[in-house]
Amino acid sequence: MKLPPMRLSDLPYKTPATVVEVEDAADSDPIARRLRDLGFVHGEPVRVVAHGPFRRDPLLVQVGFTRFALRRAEAQRVRVTPDAA
Amino acid sequence: MTAYDILEVGVVALIVAISLWVVLGTWAPRLRQRLLRRVGLGSAADTAAAPACDAGCSACDGCSSAPPRRHPTESGAVEHPIRFQRAD
Amino acid sequence: MTAMENVLHIALVGNPNSGKTALFNRLTGSRQKVANYAGVTVERKEGRYTSPTGRSVRVLDLPGTYSLNATSPDEAVTRDVCMGRFEGETRPDLLVCVADATNLRLHLRFVLELQRLGLPMVLALNMCDAAAKRGIRIDVEALQAGLGMPVIETVAIRHRGTSELVRRLDGPLPPPTAMPVAPGADLHAEVSRLLATAVTVPRRTARIDDALDRFFLHPVFGLAILSVLMFFMFQAVFAWAAPLMDGLDAGVSAVGAMLANVVPPGLLHSLLIDGLIAGVGSVVVFLPQILILFLFILFLEESGYLPRAAFLLDRLMVGAGLTGRSFIPLLSSFACAVPGIMAARTIQDPRDRLATILVAPLMTCSARLPVYALLIAAFIPKQQVLGAFNLQGLVLFGLYFSGIVGALVVAWVMKKIRKDQNEHALLLELPSYRMPNPIDIAIGLWERAMIFLRRVGTIILSLTVLLWLMSSFPAPPDGATGAPIDYSFAGIIGHAIQPLFAPLGFGWEICVALVPGMAAREVAVSALATVYALSSTGDDAAGQLLPIIAGQWSLPTALSLLAWYVFAPQCVSTLAVIRRETESWRTVALAAGYLFGLAYLASMLTYQIARLLT
């Protein structure tokens, strides 16, 4: 079963997902480029492992062997598909 | 005036002079170096010996007036401070 | 062949927190600051060592970066040095890529990117011990073949952990790889291919990290743990330090009494007793408190907890117009604002960086601790609150907290003024937890103690001597009544500026102490001690500042001086480093102006309100 893509910022807590792509918020978006450098690339498994205490921001995202803290605005650039359970 | 009085004034004057020297080195190291050179004592090595400011500490008196050359190279290269800019 | 050509230039490059500086320290025997978070090193550092065959090697430690697409000033340094564009720096002969063996998925990508530069390279697989412990198996031969460069396992924190690297660097330079990944090709795909052939990983994360993060990053427990930790820290500063301080105090008094017996009354007697023993002695006794504070700071830095705290508080900092990236520079400012302001180089956005630099002096640096501790000990009763907390520790916590709140408010105002709608990136890596090594902590504390004592022995001592001179001369005219200090330069200056500070409740003695306190905050304590020692007629005043101010000052005056010290830019070094980092006198004037304004306002309000209430 293939689930529809969604934004990383909307991905429920601890749901395994796979990166589809990182979208540029503007032309030559440095944040999007940095996200790709950090390993947010097609086919990479990701998971939200924690939320900040205030307004559930920032998100702690596990990608590769690393955990990155991303704000919601940054996580919105990443499109993911949740893995079928 | 007894011999002790003279000794006393001498010791106090010496202590005050050393203190003045240390404070000068903190607030105006370049001035102090110029003074040294005037007397024919200083060398370029004195600048390099300024304490580094990156030790995560309060030992930062060395930065007060003149930015110390943090990486003295033999070529005498100029250290350019980092500017505010967003790189591409 | 000249000696210059004989020197091998190598540069340590790699992702943040991969252990480049630990490797640098191991190779060159230097002691640069290392800690467990990204962005400790913000500028290039140079060191040298001589290889076993006598070859001279110049090692450059570069700030960590994820990519050659630099987004902040510290990353630009690394990019420019690697590309040979850094003014005054020769292009390295060889790049030593440092990669964390537990995080190859991320770190190898940058290695491949660097390969495209066409320089000879070796890969140092650092933290191999940690990787082995987690069951990560790395086939070095296969990785070497896949990358086309020598791969050497290192453990930078272990004594012999770099001997293999040193041996390899002694041999002929490896040729630049013949087949870098083509431009445009996907480096991530290449990394995945390499990992599949050379690395087996039982589990993508360390079990212990997952478990700890469940607590430390929990929305409720996480904040509770953070608050308790901070609270405990300030309680400990007072509670644990007391016996040690009493001991030091007794020692200082004993030395003073001994000197007073040996040296006959006169000029030298006055300098030694009223100047050195009273002044410098009053600062030295705060060594235990400073060390306890640093014990906590070092522990937090080494353990990897700091970025977690940044994660928890990020949302609050955004609300105030700061970024989570500001957290670490601001936290470093608790030790001293100078390295804190320099650490702001890791912040990408220039305006965020400026905001961080401007509020960093509001963080309570360790030089304020003696001033706070003195006033708290003199005016705040040693009583228990709610059974568990001592009131003195609570007040100290409150002072630190006021600085933080002040910083948030100032940042918020700045955000409103510039009507900032820009997006602020966080993108902060949370490292694995690490158990701090007790020996490293002990060495760190020893260094702090030496730094403090050196500071006491040089600048503080010298300023105290000069202040003594200013307070003793000119001598009072014959037949003068009152204390001799009233007729001295310091006395005249103090009385002259006192009206300006009268609304804050400062006496002329405090005004005298504030001036040399500009050079080093602690000097305010030694200056007060000297001024009071000279003002008193008896000999017993030496070294006993605490009872004097407790007897002579009113509570509103003490509180007002505390408020002054929370905000006032009483530190020339900080202003100098702001000048250097921003290259703008305007920024310095802005910082100094707003801090003085704030200090004056806060002190005046504190004094007037406290006077109404008492």
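See the structure shown above.
As a convention, each chain's residues are numbered from 1 in the sequence order in which they are written. Each chain gets a letter, beginning with A, and each ligand a number, beginning with 1, in the order they are written. This being a predicted model, a pLDDT of at least 70 is required before a residue's local features are given, and a value of 80 or more before pairs of side-chain atoms are given or counted; all residues contribute to the totals for chains, interfaces and linings. Each side-chain value is derived from all of the structure's non-hydrogen atoms; neither hydrogens nor water enter the calculation.

Our focus in this paragraph is the overall build of chain A. What chain A contains, in helices and strands, is two helices and six strands. A helix here means a DSSP run of H or I that spans at least four residues, while a strand means a run of E at least two residues long, and both kinds are numbered starting from the N terminus. Tracing chain A from N to C terminus, the helices and strands come up as β-β-α-β-β-β-α-β. Radius of gyration means the value over C-alpha atoms here, while the globule rule gives 2.2 Å times the residue count to the 0.38 power. In summary, chain A has a C-alpha radius of gyration of 12 Å against a globular reference of 12 Å for 85 residues, a match within 12%. Oriented by its inertia axes, the alpha-carbon framework of chain A measures out at about 35 × 30 × 25 Å. Throughout, the Shrake-Rupley method with a 1.4 Å probe supplies accessible areas, and for residues the shown protein chains are the sole cover considered. Looking at chain A as shown, the accessible area adds up to about 3,700 Å², and 53% of this sits on carbon and sulfur atoms.

A few words now on the overall build of chain C. Helix and strand counts for chain C stand at 27 helices and eleven strands. Here the C-alpha radius of gyration of chain C, 28 Å, is about what a compact globule of 614 residues would show, namely 25 Å. In terms of its C-alpha atoms, chain C occupies a principal-axis envelope of roughly 90 × 55 × 45 Å. Expressed as a percentage of its 614 residues, the buried residues of chain C come to 59%. When contacts within chain C are restricted to residue pairs at least 6 apart in sequence, long-range pairs at least 24 apart make up 74% of them. Counting only carbon and sulfur atoms, one obtains 66% of the accessible surface of chain C, whose full area is about 23,600 Å². Positive charges are assigned to Lys and Arg, negative charges to Asp and Glu, while His and the chain termini are left out of the count. In this description, the location of a charge corresponds to atom NZ of lysine, CZ of arginine, CG of aspartate or CD of glutamate. Averaged over its 48 positive side-chain charges, chain C has a centre that lies 6 Å from the centre of its 44 negative ones. Buried residues are those whose accessible area, probed at 1.4 Å on protein chains only, stays under 20% of the maximum for their type, while exposed residues exceed 50% and partly exposed ones sit between those limits. By definition in these notes, contact holds between two residues if any of their heavy atoms fall within 4.5 Å.

The next subject is unusual backbone geometry. Cis geometry is found at the peptide bond from A:D57 to A:P58, where omega equals -5°. Summarising the element assignment, A:P58 is placed in strand β4 (residues 57–63). Backbone geometry places C:N17, a non-glycine residue, at a positive phi of 60°. When you line up the elements, C:N17 lands in the loop between β1 (8–14) and α2 (20–28).

Let's shift gears to the pairing of strand β5 (residues 121–126) of chain C. Residues and elements named next belong to chain C. Counting buried positions along β5 gives six out of six residues, so the element sits mostly inside the fold. Burial along β5 is two-sided: the residues M121, L123 and L125 and V122, A124 and N126 are all buried. Note on pairing: DSSP must find at least two bridges between two strands before they are called paired. Pairing analysis gives six bridges linking strand β4 (residues 94–100) to β5, with the strands arranged parallel. Its bridge partner lying in β5, A99 is registered against L125. Place the viewer so that the strands point away; then a crossover is right-handed whenever the path from the first strand over the helix to the second strand goes clockwise. You can see the chain leave β4, run along helix α4 (residues 104–115) and come back into β5, and the turn it takes is right-handed. Bridge analysis of β5 against strand β7 (residues 151–153) gives three bridges, and the strand direction is parallel. Considered in β7, the bridge of A124 is made with I152.

A few words now on the environment of C:V199. Residue and element names in this part refer to chain C. Turning to its location among the elements, V199 is positioned in strand β8 (residues 199–200). Taking relative accessible area as the criterion, V199 reaches 11% and is therefore assigned buried. Not counting residues up to four positions away in its chain, the partners in contact with V199 are L104, I136, R137, I138 and L194.

Here the focus is helix α20 (residues 438–472) of chain C. All names here are of chain C. Helix span is expected to be 1.5 Å times the residue number reduced by one. Between its first and last C-alpha, α20 extends 48 Å over 35 residues, near the 51 Å set by a 1.5 Å rise per residue. The largest bend in α20 comes to about 35°, at V456. Polar contact is the term for a pair of N or O atoms within 3.5 Å; when the atoms are in protein, one must be able to donate a hydrogen and the other to accept it, and sequence-neighboring residues count only if both atoms are side-chain atoms. Sitting at the amino-terminal end of α20 is N437, which places a side-chain oxygen 2.9 Å from the backbone nitrogen of I439. The quantity called bend is, for any residue, the angle between two axes fitted respectively to the seven residues ending at it and the seven beginning at it.

Residue and element names in this part refer to chain C. As for its placement among the helices and strands, V456 is situated in helix α20. Between the C-alpha atoms of V456 and W240, which are 216 residues apart in sequence, the distance is 22 Å. Residues in contact with V456, not counting those within four places in the same chain, are V280, V283, V284 and L461.

With that settled, consider a positive patch on the surface. Residues and elements named next belong to chain B. Together, R30, R34, R37 and R38 give the surface a local cluster of positive charge. Note that R37 resides in helix α2 (residues 29–39). We classify R37 as partly exposed; its relative accessible area is 49%. Patches here are clusters of residues that have more than 30% relative accessible area and form no salt bridge, with a 9 Å joining cutoff for like charges and a 5 Å cutoff for nonpolar side chains (Val, Leu, Ile, Met, Phe, Trp, Tyr). One speaks of a salt bridge when a side-chain nitrogen belonging to Lys or Arg is within 4 Å of a carboxyl oxygen belonging to Asp or Glu.

The next point concerns the pairing of strand β3 (residues 56–61) of chain C. Residue and element names in this part refer to chain C. In terms of burial, β3 is largely enclosed, as five of its six residues are buried. As paired strands, β1 and β3 are joined by five bridges and run parallel to one another. Each residue of the ladder has a partner; that of A11, found in β3, is L60. Pairing analysis gives six bridges linking strand β2 (residues 45–50) to β3, with the strands arranged antiparallel.

With that out of the way, let us pick up the sheet that holds β3(C). Residue and element names in this part refer to chain C. Strand order in this open sheet of six strands is β2-β3-β1-β4-β5-β7, and the pairing throughout is mixed. In the strand order of this sheet, the two ends are held by β2 and β7, each with one partner. With strand direction ignored, the average angle separating the axes of adjacent strands in the sheet is 25°. This element, helix α6 (residues 140–147), spans β5 and β7 of the sheet and lies at about 150° to β7. Structural elements are reduced to axes, namely lines fitted to C-alpha atoms, with helices fitted over the stretch in contact, and the angle between N-to-C directions of any two is expressed from 0 to 180 degrees.

This part takes up the side chain of C:T587. Residue and element names in this part refer to chain C. Of note, T587 is situated in helix α27 (residues 585–613). Its relative accessible area of 11% is what places T587 among the buried residues. Engagement of the side chain of T587 in a polar contact is seen with the side chain of S584, the distance being 2.7 Å. The residues contacting T587, other than those within four sequence positions of it, are L354, L358, I578 and T582.

Judged by pairing direction, the sheet is antiparallel, and its seven strands sit side by side in the order β1(A)-β6(A)-β2(A)-β3(A)-β4(A)-β5(A)-β11(C) without closing on themselves. If you trace the sheet from one side to the other, it starts and ends with β1 (6–7) of chain A together with β11 (428–430) of chain C, each paired once. Lying over the sheet, helix α14 (residues 306–319) of chain C contacts β3 (45–54), β4 and β5 (66–70) of chain A together with β11 of chain C, oriented at roughly 65° with respect to β3(A).

Now for the packing of aromatic side chains. Residues and elements named next belong to chain C. Note on aromatic pairs: the rings of Phe, Tyr and Trp (six-membered ring only in Trp) are paired at centre separations within 6.5 Å, and the planes decide the class, stacked below 30 degrees, edge-to-face beyond 60, tilted for the rest. Under the criterion given, the structure shown has 18 aromatic pairs over all chains. Pairing F232 with F296 gives two aromatic rings, centres 5.9 Å apart and planes at 75°, and the pair type is edge-to-face. Of this pair, F232 sits in helix α10 (residues 221–239) while F296 sits in helix α13 (residues 287–303); the two residues are 64 residues apart in sequence, bridging distant segments of the chain. Using a relative accessible area of 41% as the deciding quantity, one classes F232 as partly exposed.

All names here are of chain C. As a packed pair, helix α23 (residues 523–535) and helix α24 (residues 545–552) sit with axes 10 Å apart at the nearest point and diverge in direction by 75°. Classified by the angle between their axes, α23 and α24 sit roughly perpendicular to one another. On α24, the residues that touch V525, L528, A529 and Y532 of α23 are L545, I548, I549 and Q552. Classification convention: Asp, Glu, Lys, Arg as charged; Ala, Val, Leu, Ile, Met, Phe, Trp, Tyr, Cys, Pro as nonpolar; all other residues, Gly among them, as polar. Its residues assigned to classes, the contact of α23 with α24 shows seven nonpolar, one polar and no charged. The scheme is simple: roughly parallel for angles under 35 degrees, roughly antiparallel for over 145, roughly perpendicular for 65 to 115, oblique for anything else.

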